[in-house]
Amino acid sequence: MLLRAFRLALAILPLAVPVAAQDILTGAGATFPYPLYSNWFATYARQSGIRINYQSIGSGGGIRQFTRQTVDFGATDGPMKPEQMEQVNGNVEHLPTVIGSVVLTYNLKGLARPLRLDAALLADIYLGRVTSWRDPRIAALNPGARFPNLDIVVVRRSDGSGTTFVFTDYLSKVSPQWKEQVGKGTAVRWPAGLGGKGNEGVTAQVKLLEGGLGYVEMGYAIANGLPYAELRNAAGNFVLPSLETATSAAAAVEWTPDTDFRVSITNAPGANAYPIASFTWLLIYRDNPDAAKARKIRDFLSWMLTPEAQAQARRLHYAPLPAEVVTLVRARLDKLTARGQRIAR
């Protein structure tokens, strides 16, 4: 009797595994939104029964895995280049999820107020031209502040990174020297600095090294109790990163039904706009070869746009999508297909 039961269990098991696998989606990419995505995926799994396994490996890795079709979706803070989109025959949609801020976090003792930086000074620090916290240009922007006699320990990403894309996109807009010598990208040839893998790695380096200065997504600095700088924006005002100043950075975009969501909002105009803000995107197939997965991805994305999900973003220090962008994303979801057919609801 026991042997018959065991054989029956073995016969059923191969049938059960594929059914369970159908309730799992896989994704990989950006570390920038990972604190939010991990919370979203856990909440959605409880509500829907659909598990989403996400690897926080950086935007460059997310684009590679999406291109190789080893994941169901990718995630990136640096949009795919035209030549990268050609590798998937244009079968990709960049859908914005939230707006985040890249902050300059630092490890300095004794500052009574946030560090202030402007574009030219920040570029020169990362170009290796300004190397001391007692440089006169830093003192001029921070009157009355007492800086330690320390070298600036520049920290940057060592991996392919959308956070790096956002940061270098900003520096390329504000510094001709940076644009000519380094440029923008998910990975660049850094003139100076120590590398850290992921937002987690950069945060850990800054936290460890007195005199450290690094760029990370705002939530990582907050979670680790690290301060972050005020930056002078395009209007000439010093602004701290916040949900409000990130939203202000997106206000200048003129949205239409055909707007390419791969829009840059760094160094945006506006008195209250934080200058290193960006949308972050999920990469999905416009026409998915797997109808069942296409429907599950579409259903998750529809949930992502709900007030519940966008409120969760706010609690984790990401700015929710503007209402007009939510409307446009919903319309774009309705155009997705699977094997050339409209996805059934």
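A brief look at the structure comes next. Since we're looking at a predicted model, the values are computed, not measured.

Strand residues, when the strand is regular, have side chains that alternate between the two faces of the sheet. The buried count for strand 8 (residues 212-217) comes to six of six residues, which makes it a mostly enclosed element. In this structure, strand 4 (residues 93-106) lies alongside strand 8, joined through five bridges in antiparallel fashion. Residue pairing in the sheet places Val102 in a bridge with Glu217 of strand 8. Taken together, the three bridges between strand 6 (residues 153-157) and strand 8 define a ladder with parallel strand orientation. Considered in strand 8, the bridge of Val155 is made with Gly214.

Right, let's talk about the packing of helix 5 (residues 119-126) against helix 7 (residues 162-174) for a bit. One way to put it is that helix 5 packs onto helix 7 with a least axis distance of 10 Å and a crossing angle of 120 degrees. Crossing geometry of helix 5 relative to helix 7 is assigned as left-handed. Taken together, the residues of helix 7 that come into contact with helix 5 (itself represented by Ala119, Leu122, Ala123 and Tyr126) are Phe167, Tyr170, Leu171 and Val174.

Turning next to the pattern of salt bridges. Scanning the entire structure with this criterion turns up 13 salt bridges. Two residues, Glu93 and Arg286, come together in a salt bridge whose shortest N-O distance is 3.2 Å. Here Arg286 lies in the loop between strand 11 (277-284) and strand 12 (287-288) and Glu93 lies in strand 4, a separation of 193 residues in the sequence. Accessibility expressed as a relative area gives 7% for Glu93, which makes it buried. The class of Arg286 is partly exposed, set by a relative accessible area of 39%.

On to the layout of surface pockets, then. Volume-wise, the largest pocket comes out at about 220 Å³. Gly60, Ile63, Lys81, Gln84 and Thr186 are, among the 14 residues lining the largest pocket, the residues nearest its centre. Here the lining of the largest pocket is built from residues that sort into four nonpolar, seven polar and three charged.

Analysis parameters
Residues numbered from 1 in each chain as written. Predicted model: local features only at pLDDT ≥ 70, side-chain atom pairs only at ≥ 80, totals over all residues. Heavy atoms only, no water. Buried < 20%, exposed > 50% of the residue type's maximum accessible area, 1.4 Å probe, protein only. Helix = DSSP H or I, 4+ residues; strand = E, 2+ residues; numbered from the N terminus. Pairing = 2+ DSSP bridges. Axes fitted to C-alpha atoms, helices over the stretch in contact; angles between N-to-C directions. Left-handed = near helix turned anticlockwise from the far one by under 90°. Contact = heavy atoms within 4.5 Å. Salt bridge = Lys/Arg side-chain N within 4 Å of Asp/Glu carboxyl O. 1 Å grid on protein atoms, 1.4 Å probe; cavity = no way out; pocket = protein on both sides within 12 Å on 5 of 7 lines; lining within 4 Å. Points joined across faces, edges and corners; volume = space filled by probe spheres on them. Nonpolar A, V, L, I, M, F, W, Y, C, P; charged D, E, K, R; others polar.

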